[in-house]
Amino acid sequence: MPTPVTLHGPRITLRPWRLPEDLDPLFAINGDPAAMRFFPNVHDRAESDDWGRRLAADCAARGWGFWVAELRGQGMVGVVGIKPAAFEAAFTPAVEIGWRIAPRVQRQGLAEEAARLALAYGFGPAGLDRIVAWTPPANEPSWRLMEKLAMRRVAVFDHPRVPDGHALRPHLLYAITRDEWVTDRIGG
């Protein structure tokens, strides 16, 4: 197994999971209706713990994935990273970038800082050629962040894991290639 990677930004650190200690702060986020307002449901403790264990195992197996986002002096404030998409769609297989940040620290640029670290790792050491992201149209903060990251809106799709008829089933799909990411970084 590869050694799990830790990434450091000016304020945020993306680090490997530490179980079981990371499960309580993860549930504080996943069980919070404000944090989960753009998801079909708030997670109960078992769902949250299961998701955390899957993310931790995925990160340990690959060395990267959805890391724990830790703010200096505050501990875990979210989950941010890159990982293979966990469902089949017209655009998969693909690697997604995603973030889930505690409401108490939202709107401080932390998701952007952490996402930039994850993109740099994905297009650098991980050697990825393309990274995608998705969100419901109502989640304007998320798709605005995708656009700040120089991702392009490429499609609208029905998320296969959201029930038929649910208001959050339609999703916006964004993508960025390594070449687009490099061009954005050098200002070309």
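Read on for a plain summary of the structure. Values in this document were obtained by computation on a predicted structure and should not be read as measured data.

To continue, consider the packing of helix H3 (residues 110-123) against helix H5 (residues 178-186). Contact geometry for H3 and H5: axes closest at 10 Å, N-to-C directions at 125 degrees. Here H3 lies oblique to H5, going by the angle between them. Seen along the crossing, H3 lies across H5 with a hand that is left-handed. When H3 is examined against H5, the residues Arg-116, Leu-119, Ala-120 and Phe-123 are found in contact with a partner set consisting of Arg-178, Trp-181 and Asp-184.

You can see His-159 is positioned in the loop between strand S7 (152-158) and strand S8 (170-177). Here His-159 falls in the buried class, since its relative accessible area comes to 9%. Residues within four places of His-159 in sequence aside, it is in contact with Phe-87, Trp-134, Arg-169 and His-171.

The next point concerns the pairing of strand S2 (residues 12-15). Every second residue of S2 is oriented toward a common face, with Ile-12 and Leu-14 on one face and Thr-13 and Arg-15 on the other, all of them buried. Two elements, strand S1 (residues 7-8) and S2, share two bridges in a ladder whose sense is antiparallel. Bridge pairing links Leu-7 to Leu-14 in S2. Connecting S1 to the antiparallel partner S2 that follows it, the hairpin turn spans three residues.

How each quantity is defined
Residues numbered from 1 in each chain as written. Predicted model: local features only at pLDDT ≥ 70, side-chain atom pairs only at ≥ 80, totals over all residues. Heavy atoms only, no water. Axes fitted to C-alpha atoms, helices over the stretch in contact; angles between N-to-C directions. Helix = DSSP H or I, 4+ residues; strand = E, 2+ residues; numbered from the N terminus. Parallel < 35°, antiparallel > 145°, perpendicular 65-115°, else oblique. Left-handed = near helix turned anticlockwise from the far one by under 90°. Contact = heavy atoms within 4.5 Å. Buried < 20%, exposed > 50% of the residue type's maximum accessible area, 1.4 Å probe, protein only. Pairing = 2+ DSSP bridges.

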